[in-house]
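Close look at the chain arrangement
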2 protein chains.
Amino acid sequence: MSFDNVYEALTGDGDARWAFGTGFTDPLAGVETAVPPGVDRADLTAYCLMLGDDALVMSHRLQEWCTNAPDLEEEVALANIALDLLGQARLLYARAGHADGTGRGEDHYAFFRGEEEFAGVRLVETPRGDFGDLIAKLLVFSTWRLALLQRLIPSRDPVLAAIAAKGVKEVAYHRDHAARWTVRLGDGTDESHRRMQAGLDRIWPLVAELFTPHEAEVRSARSGVGADPADLRAEFDAVLDQVLTAATLRRPDVPPDPGGRRGLHTGALGLLLAELQSVARAHPEATW
Amino acid sequence: MSFDNVYEALTGDGDARWAFGTGFTDPLAGVETAVPPGVDRADLTAYCLMLGDDALVMSHRLQEWCTNAPDLEEEVALANIALDLLGQARLLYARAGHADGTGRGEDHYAFFRGEEEFAGVRLVETPRGDFGDLIAKLLVFSTWRLALLQRLIPSRDPVLAAIAAKGVKEVAYHRDHAARWTVRLGDGTDESHRRMQAGLDRIWPLVAELFTPHEAEVRSARSGVGADPADLRAEFDAVLDQVLTAATLRRPDVPPDPGGRRGLHTGALGLLLAELQSVARAHPEATW
């Protein structure tokens, strides 16, 4: 199988893969999906799920802007970005299903895993926030992801390589879109500048995690399948510096301490507090 | 006000502060609570809330063992540890209420703050798990907290100093209790050894956070009010090494990457997935 064939299979005409729903045909149907000799199947599975989860959760957050964007054109732009990322998630989940040998389809990974089985970075989970929060998150996410996907184009796994080659074109547009908005808001009114800076400040404690490798990422990079996220930092910083300078914004000076002390808790705390606080909140004036 | 008076006020006879409920009288009633000159009120408030939140959430997790402990004696022991920590939380919240000048009582901090306002470490949130998980968490938590409280005894804030002096006696017992169980389980049967090691392995990614200072902790340490958690690591490691060696357990070799890639997500992901997955889980066989 040549790289060109897989890429063409993913990008050819008649491609109707990007709709919402379940029970679709395998987005990699017709593609040669044998895992190359010497590639660790467990690591390839884990790696595809990590990148797929990043895309799915980011896509979902972007979809929350439908009917909420500042104008109709932006509405369509955000929906298209969300659909691009949903498509990336579908391809990556399909690849994981082949690599792990279970034949499980994309639906399994998206709909039937628990929170603790999701391996996406925490950045993409952060609540919707205002438009400044959105643009800050999209700028950081797409700058990081573009640098990552570019390094996967020569991957030893031809399917991952093709998914990356397709994704690079998409995410390059996402990054450009976010960068233009960043400059427009940062170099705009006092209020838009303030909100854009606040959006950056709020997500910055979660930026360090993007460059902190998991073992499966390190092993995937060593075997020529994936990329070590630690290697992406210099490119990320250079791009961000350029955009932030043009936007008259400053790079946030927030230490990478993305833990409980800053209010970033695990999902377990919300459930615990729901129980702990339920009676007091139902009867705020009562004593017992 | 002398240090001894506050300490005696906290530990004197007729002390009925440790029950559950709401609307109690101020646990610091009768104590001189003026904030010493030169002590930053905002930092003192934040610092007391951090230590109070650690204690409250840990206490709640321990209470979940009521009716679930392996025997009645252990049931009582765990309940007593939970009550000690609840008492520490109450005193620390009361101190925060004085320091922030709002006069808000402990109920406000415990019951009427959102998840994102809680500043406890994520270690204490982790779900109950099995008895090995509990003992691993209690060993790590009490070793860390004892080292911390010992450094607060000479605090420039006499109330915090008194709370720490009282707490040291309590947490020294908690640590001893956890260490004895660790040795008994680790050096016990194959099954108890396996579970004790698994409990340590599961919480270890969250240990690094205990020693990662927040700015308010650093400033509190510099001003002689608090302690920098980074300074506690050597003592923590020495105690853990001693206990783990006696228990024939190994120190986990898990990198400190306590983020989304390892399934440790923010509370926002659970809510997002609940929506994203709801239809597919309600109708697992359907396609649409």
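We now turn to the structure provided with this report. All residue numbers refer to position in the chain's written sequence, counted from 1. Chains and ligands are labelled sequentially in the order written, the chains with letters from A and the ligands with numbers from 1. Owing to the predicted nature of the model, reporting of local features is limited to residues with pLDDT of at least 70; listing and counting of side-chain atom pairs is limited to 80 or more, with chain, interface and lining totals taken over all residues. The side-chain quantities take in all heavy atoms of the structure and omit both hydrogens and water.

All names here are of chain B. Elements are defined by DSSP. Helices are runs of H or I of four residues or more, strands are runs of E of two residues or more, and each kind is numbered from the N terminus. Multiplying 1.5 Å by the helix residue count minus one yields the expected span of that helix. With 29 residues, helix α6 (residues 158-186) ought to run about 42 Å at 1.5 Å a step, and its terminal C-alpha atoms sit 40 Å apart, in line with that. Where α6 bends most, at Val168, the angle is about 30°. Of all 29 residues that make up α6, 21 are buried, and the element is covered over most of its length. What the bend at a residue measures is the angle between two axes, fitted to the seven residues ending there and to the seven starting there. Exposure categories follow from relative accessible area, calculated using a 1.4 Å probe and restricted to protein chains: below 20% of the type maximum is buried, above 50% is exposed, and the middle band is partly exposed.

Overlaid copies result from least-squares superposition on C-alpha atoms, with residues included only where pLDDT is at least 70 in both. Expressed as a screw transformation, the operator carrying chain A onto chain B has a rotation angle of 180° and an axial translation of 0.0 Å, and the superposed copies differ by an RMSD of 0.0 Å. Between the two chains, the operation in question is that of a two-fold axis. No C-alpha of chain A approaches the rotation axis more nearly than that of Gly267 of chain A, which lies at 1.9 Å. Counting the interface residues of chain A, we find that 100% of their copies in chain B are interface residues as well, pointing to one common contact surface. Residue contacts follow a heavy-atom distance rule, with two residues in contact if any of their heavy atoms lie within 4.5 Å.

Glancing now at the side chain of Thr182 of chain B. Residue and element names in this part refer to chain B. With respect to the helices and strands, Thr182 occurs in helix α6. Whenever two N or O atoms come within 3.5 Å, that pair is a polar contact, provided that in protein one can donate a hydrogen and the other can accept it, and provided that, for residues adjacent in sequence, both atoms are side-chain atoms. At a separation of 2.7 Å, a polar atom in the side chain of Thr182 contacts the main-chain carbonyl oxygen of Ala178. Residues in contact with Thr182, not counting those within four places in the same chain, are Ile135, Leu139, Asp187, Met196, Val243, Leu244, Ala247 and Leu249.

Another aspect to go through is the layout of surface pockets. Using a 1 Å grid laid over the protein atoms alone, points where a 1.4 Å probe fits but cannot get out form a cavity; open sets with protein on both sides within 12 Å along at least 5 of 7 lines form a pocket; any residue with an atom within 4 Å of a point counts as lining. Grid points are joined across faces, edges and corners, and a volume is the space filled by probe spheres set on the points. Approximately 660 Å³ is the volume attributed to the largest pocket. Top contributing element to the lining of the largest pocket by residue count: helix α10 (residues 267-282) of chain A, with four residues. Polar here means any residue other than Ala, Val, Leu, Ile, Met, Phe, Trp, Tyr, Cys and Pro, which are nonpolar, and Asp, Glu, Lys and Arg, which are charged; Gly is therefore polar. Among the residues forming the lining of the largest pocket, the class breakdown is nine nonpolar, nine polar and eight charged. Estimated volume of the second largest pocket: approximately 570 Å³. Lining of the second largest pocket is provided by 21 residues; of these, Thr126, Pro127, Gly263 and Leu264 of chain A together with Glu116 of chain B occupy positions nearest its centre. Put simply, the parts of the chain that give the lining of the second largest pocket at least two residues each are α5 (131-152) and α7 (190-203) of chain A together with α10 (267-282) of chain B. Here the lining of the second largest pocket gets three residues from one element, more than from any other, and that element is α10 of chain B.

Below, the discussion takes up the packing of aromatic side chains. Pairing of aromatic side chains requires ring centres within 6.5 Å, counting the rings of Phe and Tyr and the six-membered ring of Trp. Pairs whose planes differ by under 30 degrees are stacked, by over 60 edge-to-face, and all others tilted. If you walk through the whole model with that rule in mind, you get 12 aromatic pairs over all chains. Relative to Tyr109 of chain B, the ring of Tyr93 of chain B has its centre 5.8 Å away and its plane inclined at 35°; by these criteria the two rings are tilted. Here Tyr109 of chain B lies in helix α4 (residues 106-111) and Tyr93 of chain B lies in helix α3 (residues 72-99), a separation of 16 residues in the sequence. The exposure class of Tyr109 of chain B is buried, given its relative accessible area of 2%. Chaining the aromatic ring pairs together yields one cluster made of Trp65, Phe131 and Trp181 of chain A. Here the guanidinium or amino end of Arg113 of chain A rests over the ring plane of Phe118 of chain A, the centre of that ring lying 4.2 Å away. Whether a charge lies above a ring is judged from NZ of Lys or CZ of Arg, which has to be within 6 Å of the ring centre and within 35 degrees of the ring normal. Against the face of Trp65 of chain B rests Arg128 of chain B, its NZ or CZ located 5.0 Å from the ring centre.

Any carboxyl oxygen of Asp or Glu that lies within 4 Å of a side-chain nitrogen of Lys or Arg is treated as forming a salt bridge with it. Counting across every chain of the model gives 40 salt bridges over all chains. For Arg180 of chain B, the salt bridge goes to Asp176 of chain B, with nearest N and O atoms at 2.8 Å. Linking Arg180 of chain B with Asp176 of chain B, this pair stays in helix α6, spanning four residues, or about one helical turn. With a closest N to O distance of 3.0 Å, Glu191 of chain B and Arg194 of chain B form a salt bridge. On the criterion of helical spacing, the pair formed by Glu191 of chain B and Arg194 of chain B is a turn pair, its members being three residues apart in helix α7 (residues 190-203). Each of Asp130, Glu191, Arg194 and Arg195 of chain A takes part in salt bridges that share partners, so that together they form one network.

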